[in-house]
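Each chain, letter by letter, is given below.
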Amino acid sequence: MPPAIMRQALDVVAAIGLTAAVFFVIVVANSFLMSRGNYSRGFNLWYSFILRPDILGTIVLTALVTMAYVYWKQSGRPRL
C-alpha cells in the first residue's frame, strides 16, 4: 500500500489527465465539425493549446485545490 502522500499525488495526476482528455475530445470533435478539419489538425491544435503555460497552470492549480478540498472535507467527517 503506497503512502498517503503518494495516493494524493496520484489523484492529482489523474485529475490533470482527465481534464486534458476532456479538452482533447472537445477540440478534436470541434475540428471534425469545421469545414476542412481532420484528426491531425485537431490533435495539433489541442497539443499546442495544452502546452501553453497558463492553461497547464490552470489545470494543475484546479486539480490541487479540488483534491485539497476533498481531503480536507473527508478528514472532518466521522468514519463509520
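Being a predicted model, the structure only gives us computed values, none of them experimental.

Engineer: Please explain the nonpolar core as it appears in this structure.
Structural biologist: Side chains of nonpolar character tend, in soluble globular proteins, to be buried together. Counting residues in hydrophobic clusters, the biggest one holds six residues: Ala20, Val27, Trp46, Ile50, Ile55 and Ile59. Of all the elements in the fold, those that place two or more residues in this core are helix 1 (4–33), helix 2 (39–50) and helix 3 (53–76).

Engineer: Is there a simple way to think about helix 1 in this case?
Structural biologist: Residues spaced three or four apart along an α-helix face the same direction, because each turn holds 3.6 residues. Under the 1.5 Å per step criterion, the end-to-end length of helix 1 is 44 Å for 30 residues, consistent within 8% with the ideal 44 Å. For helix 1, the set of buried residues is Val12, Ala15, Ala20, Val27, Val28 and Ser31. The inward-facing, buried residues of helix 1 contact helix 2 and helix 3.

Engineer: Is there a simple way to think about the packing of aromatic side chains in this case?
Structural biologist: Each aromatic ring pair is characterised by the separation of its centres together with the angle its planes make. Counting across every chain of the model gives seven aromatic pairs. Residues Phe23 and Phe49 carry aromatic rings whose centres are separated by 5.5 Å and whose planes lie at 80 degrees to one another, so their mutual orientation is edge-to-face. Here Phe49 lies in helix 2 and Phe23 lies in helix 1, a separation of 26 residues in the sequence. Phe23 sits in the partly exposed class, given a relative accessible area of 27%. Among the aromatic residues, those joined into a cluster by ring pairs are Phe24, Phe43, Trp46 and Tyr47.

Engineer: Hey, could you run me through the environment of Tyr69 in this one?
Structural biologist: Along the chain, the position of Tyr69 falls in helix 3. Between the C-alpha atoms of Tyr69 and Asn38, which are 31 residues apart in sequence, the distance is 39 Å.

Definitions and limits used
Residues numbered from 1 in each chain as written. Predicted model: local features only at pLDDT ≥ 70, side-chain atom pairs only at ≥ 80, totals over all residues. Heavy atoms only, no water. Core = buried A, V, L, I, M, F, W, Y, C linked by side-chain atoms within 4.5 Å. Buried < 20%, exposed > 50% of the residue type's maximum accessible area, 1.4 Å probe, protein only. Helix = DSSP H or I, 4+ residues; strand = E, 2+ residues; numbered from the N terminus. Expected span 1.5 Å × (residues − 1). Contact = heavy atoms within 4.5 Å. Phe/Tyr/Trp six-rings, centres within 6.5 Å; stacked < 30°, edge-to-face > 60°.

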